[in-house]
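Residue-level structure breakdown
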Amino acid sequence: MRLTRSEHAAGWLFVLPAALLITGFGLIPIGWSLLLSFQSSDFVSPATWVGLANYRALESDPEFRSAIGRTLLYTALFVPITVLGGLAVAVVLNAKVRFISIYRTAVFIPVACSTVATAIIFNWLLEPTFGIVNYVLSWVGLGPYGFFQNPDQSLYSVVLMTSWGWIGFNAIVYLAALQSIPQELVEAASIDGAGRFTTFRRIVWPLLGPATLFLVVWASINALQVFDEIYVSTRGGPLHSTTVVVYYLFQQAFQFFAAGYGAAIAYVLFVAILLLTLLQLWVARRRVHYSS
Amino acid sequence: MKRLALVGLAGIVAAVVAAGSLGASKSPVTIVMWHGYTDVEGKALKAQIDQYNRSQSAVHVNLQFYGNADYALQKVLTAISGGKYPDIAYLYGSWAANIAKSPKTLDLTQRVKEPGFNFNDIWPAARLAATVNGKVIALPALIDNLALVYNKKLFRQAGVPFPTAKWTWATMQRAAKKLTNRSKKQFGWAYVNDGSEDTVWRYWALLWQAGGDILTPDGKKAAFDSPAGVKALTHLQRMARDKSIYFDSGNGNYTNLFNSGRIAMLYTGPWDLSSFPNVDYGVQILPGDRNHQTIAGPDNWVLFDNGKERANAAWTFMKWFMSTKQHLKLAIATGELPMRRSELKQPGYRTYTKRYPGVKTFVANLLNAKKVRPVDARYPRISEAVGQAVQAVLLGKADPKKALDDAAGKVDSILRRP
């Protein structure tokens, strides 16, 4: 089909608002922050060009290094918990029982909650003295735990809180994938004598491959960028125990006004996430089967 | 559609004509004032501005709300780089050194010396917080300080006499212990232990009480790792070991818990009093060691350069706004502390103390606010280092001497960088 000139113009007009928004709030800041990462700037006085000095300083910054360690630990816990947890919930919700849509909605509610509201609620649930979690645990003789207030437990408490908010999302994606699995394949397997477990392992799990790949990549990107919940619940503490990379970036840029340094952290993180995603996609190339 | 455009055009023409004719008869200089006041305070501020705008025709103040004051510095800086910024903005005192670096910030050193202004009538801590390297870069907007707020009922129940102005750290520690009841989940005291400035400034008050200082007089090295500093932090450590402190994780839970009778004593300021409607509370100056010093948290009105005419107009307005009479009026409406000593001698001051009973002690306590935190752009980093030290000790993870020595090492290296 050939488009007339006015149709071209109309097309451009339609994408113009979105294009302007993406340029103004996406592309320009991204470019500007790259520039900023080569400068020493406190937002107030004129910035000076320092070349790679910010990146060099990052190399020998022990606090940045520990922030990376914490972020990796967080990601290593968060991704499997939310992906496998989401799968487990999806399998349970795939059943044909009464009121199933109510259960499905209930599982999805945490996803719809704002992360800030989640963090405020968990702050009260996990409060060491007055929180309901310690109260319930005391019935079975456990606790009391410090949770967010204990430097040895705080990062795990954040994993607990953020997983709660994420499992619902993964469950819905898995649920959709489960329902798109052709019923005849499952039936064929059972005729061939496969038990429920073998059917799951040999038929269902491989067919969920694309969904699993998407969720692992997506969860990893989000885990490496975790910030909101930490900002509201622990503010990187106690004793830096939850200072992950983005929190450290925030602290440098907006608490200490080292804007250039913060921008450099952002770019290191960006490259790291890009590499990890490429690695994940490369590994998956040989393992994920697309049904079509 | 067409009709509307015509009406609009007519409006514009009328406006232009009107503006032209006003210009001939000397139009007022319009200045823009940014603030984050809400509720009662917001209304009180607006009432003052309206009164000013009606009372004269030389200056028109355009009051604009900038949202949460926590983000005001970023907003003002963005506005400055965009080239369209206010003439006056409310900014936290802790940002004074940052904003002083901006070439658009007006230097008020000469202006505050004008005879009618009586700069020295303003509380010393507020003046110091508006001064960076000897230059006055702002006018004090608000001042408060920490005092001991206590729940009278819990004191009576525990048979502990009410705090007096003579209380020492030891009396306070004993009282806190008696007022703590684990089974009732009741705590003698509360401490914000998130390692933020909230953790740090309460510690500074103790440090000054023990005769210590934050930095050396030349501001080049840490001085808090002194015997006084160790003594102050050891006091906190002892109370933590007594388990008589409720540790607030920085979410302000302590106000709710005090209001529900779970906490007997707080070190807090007048801004919290309205959160305690359910408690019959008393206010006393802080328990002391060598003295009873407190710490003030002053905020500023910073003036920006939008050309000579607007700068002069802003100054003219601020002189009126910060006069004894006007500030007392604002204090009566909002419960803010008086800013000038002379406000205490005004007849209206009795109305003020009657309306806000607890506030009287906070006013008297302003005389105990003798020192201020370093007005230095690197202060947030200093605060962070010390916050970690205090937090480590309170969590039982470090010894006071060692924690302070480590923090002092960090602060020294922070101060070596420009």
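No experiment lies behind these values; they were computed from the predicted model shown.

**Let's talk about the overall build of chain B**
Counting its regular elements, chain B contains 16 helices and 12 strands. Whereas a compact globule of 418 residues would reach a radius of gyration of roughly 22 Å, chain B reaches 24 Å, a difference of no more than 12%. In terms of its C-alpha atoms, chain B occupies a principal-axis envelope of roughly 75 × 50 × 50 Å. Burial statistics for chain B: of 418 residues in total, 47% are counted as buried. Across chain B, every contact between residues at least 6 apart in sequence was considered, and the portion connecting residues at least 24 apart equals 72%.

**A word on the packing of helix H8 (residues 197-209) of chain B against helix H15 (residues 379-394) of chain B**
Residues and elements named next belong to chain B. Two numbers describe how H8 lies on H15: the axes approach to 8 Å, and their chain directions differ by 80°. Taken together, the axis directions place H8 and H15 in an arrangement best described as roughly perpendicular. Across from Glu 197, Thr 199, Val 200 and Tyr 203 in H8, the residues of H15 making contact are Ser 383, Val 386, Gly 387, Val 390 and Gln 391. Counted by class, the contact of H8 with H15 contains four nonpolar, four polar and one charged residues.

**As for the sheet that holds strand S10 (residues 263-268) of chain B**
All names here are of chain B. Read across the sheet, five strands follow the order S9-S8-S10-S7-S11 without closing on themselves; strand pairing throughout is mixed. Sheet topology places strand S9 (245-248) and strand S11 (281-284) at the edges, where each strand pairs with a single neighbour. Averaged over all adjacent pairs, the angle separating strand axes in this sheet is 25°, with direction ignored. Two elements, strand S7 (residues 147-151) and S11, share four bridges in a ladder whose sense is antiparallel. Pairing of Tyr 150 across the sheet is with Gly 282, part of S11. Contacting strand S8 (187-192) and S10, helix H7 (residues 169-179) crosses the sheet at an angle of about 115° to S8.

**As for the domain arrangement of chain B**
All names here are of chain B. We note that the domain assignment places domain 1 (28-137 + 297-368) and domain 2 (147-296 + 372-416) within chain B. Put simply, the middle of domain 1 and the middle of domain 2, counted by C-alpha atoms, are 29 Å apart. On the side of domain 2, 17 residues touch domain 1, which itself brings 20 residues to the contact. Elements that contribute at least two residues to the side of domain 1 that touches domain 2 include exactly helix H4 (96-100), helix H5 (124-129), strand S4 (131-132) and helix H14 (359-365). Of the residues forming the side of domain 1 that touches domain 2, the biggest block, four residues, is contributed by H14. Of the residues that constitute the side of domain 1 that touches domain 2, the class distribution is 10 nonpolar, nine polar and one charged.

**Focus: the nonpolar core**
Of all hydrophobic cores here, the largest spans 185 residues; its most connected members are Leu 91 and Ala 96 of chain B. The element best represented in this core is helix H7 (residues 154-179) of chain A, accounting for 11 residues. Each of domain 1 (28-137 + 297-368) and domain 2 (147-296 + 372-416) of chain B gives at least three residues to this core. When sequence neighbours within four positions are dropped, the list of residues in contact with Ala 96 of chain B reads Ala 129, Ala 130, Val 132, Ile 137, Ala 138, Asn 300 and Val 375 of chain B.

**Let's talk about the sheet that holds strand S2 (residues 59-65) of chain B**
Sheet strands pair by backbone hydrogen bonding; their relative direction is either parallel or antiparallel. Residue and element names in this part refer to chain B. Spatially, S2-S1-S3-S12-S6 is the arrangement adopted by the five strands of the open sheet, whose pairing is mixed. Whereas interior strands pair on both sides, the edge strands pair on one side only; in this sheet they are S2 and strand S6 (139-142). Pairwise comparison of adjacent strand axes, ignoring direction, gives a mean angle of 30° for this sheet. Both strand S1 (residues 29-35) and S2 contribute to a ladder of seven bridges, which runs parallel. Within S2, the residue paired with Trp 34 across the bridge is Gln 64. Each of S1 and S2 touches helix H2 (residues 39-55); the most contacted strand, S2, lies at about 160° to it. The strands touched by helix H11 (residues 308-321) are S1, S2, strand S3 (88-92), S6 and strand S12 (299-303); relative to S1, the strand with the most contacts, the crossing angle is about 60°.

**With respect to unusual backbone geometry**
The linkage connecting Gly 237 of chain A with the following residue, Pro 238 of chain A, adopts the cis geometry, with an omega of -15°. Of note, Pro 238 of chain A is situated in the loop between helix H11 (228-233) and helix H12 (245-255). For His 240 of chain A, which is not a glycine, the phi torsion comes out positive at approximately 65°. Non-glycine residue Lys 185 of chain B carries a positive phi angle of around 50°. Looking at the secondary structure, you find Lys 185 of chain B in the loop between H7 and S8.

**Points about the pairing of S8 of chain B**
All names here are of chain B. Within S8, six of the six residues are buried, leaving the element largely enclosed by the surrounding structure. As paired elements, S8 and S10 share two bridges and run parallel to each other. Residue pairing for S10: Trp 189 is matched across the bridge by Met 265. Here S8 runs beside S9; their pairing, made up of four bridges, is parallel. The residue of S9 that forms the bridge with Ala 190 is Tyr 246.

**Notes on the confidence of the model for chain B**
Residue and element names in this part refer to chain B. Confidence along chain B averages 90 in pLDDT terms, with 94% of residues attaining 70 or more. Across residues 1-25, confidence stays below pLDDT 50; counting only partners more than four residues off in sequence or on other chains, it has one contact. Scored by ipTM, the complex comes to 0.81, with pTM at 0.84.

What counts and how
Residues numbered from 1 in each chain as written. Chains lettered and ligands numbered in written order. Predicted model: local features only at pLDDT ≥ 70, side-chain atom pairs only at ≥ 80, totals over all residues. Helix = DSSP H or I, 4+ residues; strand = E, 2+ residues; numbered from the N terminus. Rg over C-alpha atoms; globule rule 2.2 N^0.38 Å. Buried ≥ 20, exposed ≤ 12 C-beta atoms within 10 Å, placed from the backbone. Contact = placed C-beta atoms within 7 Å. Axes fitted to C-alpha atoms, helices over the stretch in contact; angles between N-to-C directions. Parallel < 35°, antiparallel > 145°, perpendicular 65-115°, else oblique. Nonpolar A, V, L, I, M, F, W, Y, C, P; charged D, E, K, R; others polar. Pairing = 2+ DSSP bridges. Domains from an automatic or database assignment. Core = buried A, V, L, I, M, F, W, Y, C linked by C-beta atoms within 7 Å. pLDDT = per-residue confidence, 0-100.

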